[in-house]
Amino acid sequence: MELPFAESWRIKMVEPIKKSTREEREKWMKEADYNLFQLRSDQVYIDCLTDSGTGAMSDRQWAAVMMGDESYAGSSSFFHLKETINKITGFEYVIPTHQGRAAENVLFSHLVKAGSIVPGNSHFDTTKGHIESRKATALDCTIDEAKDTQLEIPFKGNVDPKKLEKALAEHHENVPFIIVTITNNTAGGQPVSMQNLREVRAIADKYGKRVVLDSARFAENAYFIKTREEGYADKTIKEIALEMFSLADGMTMSAKKDGIVNMGGFIATRHEDWYEGAKRFCIPFEGYLTYGGMNGRDMEALAVGLDENTEFDNLETRIHQVEFLAGLLDEYGIPYQRPVGGHAIFVDADKVLTKVPKEEFPAQTLAIELYLEAGVRGCEIGYILADRDPVTRENRFGGLDLLRLCVARRVYTDNHMRVIAAALKNVFDRRNEITRGVEIVWEAELMRHFTVKLKKLF
Ligand SMILES: *Cc1c(COP(=O)(O)O)cnc(C)c1O
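Calculation notes
Residues numbered from 1 in each chain as written. Predicted model: local features only at pLDDT ≥ 70, side-chain atom pairs only at ≥ 80, totals over all residues. Heavy atoms only, no water. Phe/Tyr/Trp six-rings, centres within 6.5 Å; stacked < 30°, edge-to-face > 60°. Helix = DSSP H or I, 4+ residues; strand = E, 2+ residues; numbered from the N terminus. Buried < 20%, exposed > 50% of the residue type's maximum accessible area, 1.4 Å probe, protein only. 1 Å grid on protein atoms, 1.4 Å probe; cavity = no way out; pocket = protein on both sides within 12 Å on 5 of 7 lines; lining within 4 Å. Points joined across faces, edges and corners; volume = space filled by probe spheres on them. Domains from an automatic or database assignment. Contact = heavy atoms within 4.5 Å. Buried area = accessible area lost by both parts, 1.4 Å probe. Salt bridge = Lys/Arg side-chain N within 4 Å of Asp/Glu carboxyl O. Nonpolar A, V, L, I, M, F, W, Y, C, P; charged D, E, K, R; others polar.

Caption draft 1: Highlighting the packing of aromatic side chains. In total, this model carries 14 aromatic pairs according to the counting rule given. With a centroid separation of 5.4 Å and an interplanar angle of 40°, the aromatic rings of Phe108 and Phe177 are classed as tilted. Of this pair, Phe108 sits in helix α4 (residues 100-111) while Phe177 sits in the loop between α6 (161-171) and β5 (178-181), and the two are 69 residues apart along the sequence. Both residues of the pair, Phe108 and Phe177, belong to the buried class. Relative to Phe397, the ring of Phe361 lies with its centre 6.3 Å away and its plane at 40°, an arrangement referred to as tilted. With Phe361 in the loop between α13 (349-352) and α14 (362-374) and Phe397 in the loop between β11 (379-381) and β12 (402-406), this residue pair connects regions lying 36 residues apart in the sequence. Its relative accessible area of 2% is what places Phe361 among the buried residues.

See the structure below:
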């Protein structure tokens, strides 16, 4: 008999989690103004809010923590991190930051001006926030196929070369760089192919522009290239990563994702002028150049995390678990963004809660229902997250309205995945009784999803 698939690690330390009653959850949800970010984590049974900073570090990473050099300047931990990043990305210059958005803030302070246009593939919310807050425009050039959640294509995160070419033909004078997000988080954790990165490079070269990779999940992207793209099956993840980065000029990184640390980020680039420019903003915003918002011990743990998570076995275990959860949803007929992405399932709320009007935020409503059902916390990646149009101040209903269920790295077992799927099935089975959603009572101007206050209309 063929042996079943199993994790490439075993468990050395456990953390108890608690169940709750529906009554308790009703009360907590109301106190949190129907915003799942406002819940206390001990009010959550299985937390699928994000895969950011929620991963479990390995024994090697914890051992590295003890080796942290907390020197203010010239910390040896910085040099360990820098050497690892040099090796994995080929980028020579490294600026550590406290997380991914801080990397964006530092680099964009140097590069993005009022009136700038930054084309890319479904800019992540903080990326878009850092562009729009500088009175610049984030121009989405993702392939149209990404919007069709049921279409199965291997690289649904790709940039549409025609849209990119058009953007550059029209706006090249105002384009400081092109940004490609790997994997494409907003479009559903969908990968970008090496072929597509080559096409982007060619267009960038034609107009003399540079390319930034928003690299939070670059290792998962490399895994998909290895398993889906012709010619890469026999390459290692590290070889593929190096090739991906060879097609870019620099990167911003949220190390809380594929670095498998709880906090951290960095900028890396091959260009001295970008490094010199970004340096000026790192010092006032983040800290001195050899720590930039990170502890020495965290830089050590990150160096190990980057090395471990660019190994095939670790990535295979992770992606397999996400696919396991997706398989259960298939069994129950629950529609999600297909094929399943790298770090999460994106349930197509528009197709589940068909009776809830757009104006009442179906995905947020589904997230609330799932929490009330079983204490499972997901996250709306939809109309609330999309913020208002900066010019018209209207809600943006043009994109997808998804409930994201993130899978933390090396944290939950497949049995937890079974609970998540069963809870979602229970909500799905009574979907036609759910006809009303939520209304916004209070919201911030940018990135409103974190703090929005809602009223339940059902
Ligand atoms: C998480 C993330 C960011 C922002 O990083 P933080 O560490 O959360 O600040 C930027 N881009 C992408 C694609 C991300 O997933």
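Caption draft 2: Seen up close, the layout of surface pockets. Here the largest pocket is characterised by a volume of approximately 1500 Å³. In terms of lining residues, the largest pocket is bounded by 36 residues, among which Met13, Glu15, Ala56, Arg410 and Val411 are the most central. Looking at the lining of the largest pocket element by element, the count peaks at three residues for helix α2 (residues 59-65). When residues of the lining of the largest pocket are assigned to domains, at least three map to each of domain 1 (22-44 + 312-456) and domain 2 (59-308). Quantified by volume, the second largest pocket comes out at close to 750 Å³. Around the second largest pocket sit 26 residues that line it, and Ser122, Asp140, Thr186, Gly399 and Leu400 are the ones nearest its centre. At the level of secondary structure, the elements contributing two or more residues to the lining of the second largest pocket comprise α5 (125-132) and β4 (137-140).

Caption draft 3: The domain arrangement of the protein, seen in detail. Structurally, the protein comprises domain 1 (22-44 + 312-456) and domain 2 (59-308). Each of domain 1 and domain 2 has a C-alpha centre, and the two are 26 Å apart. Counting from both sides, the interface comprises 33 residues of domain 1 and, opposite them, 38 residues of domain 2. Counting the surface lost from both domain 1 and domain 2, the interface buries some 2900 Å², and carbon and sulfur atoms represent 55% of this. Remark: the boundary between domain 1 and domain 2 carries six salt bridges. Notably, a salt bridge pairs Arg409 with Glu220, separated by 3.0 Å at the nearest N-O pair. Where the side of domain 1 that touches domain 2 is concerned, the elements lending two or more residues are α12 (312-332), β9 (344-348) and β12. For the side of domain 1 that touches domain 2, the per-class residue count stands at 17 nonpolar, seven polar and nine charged.

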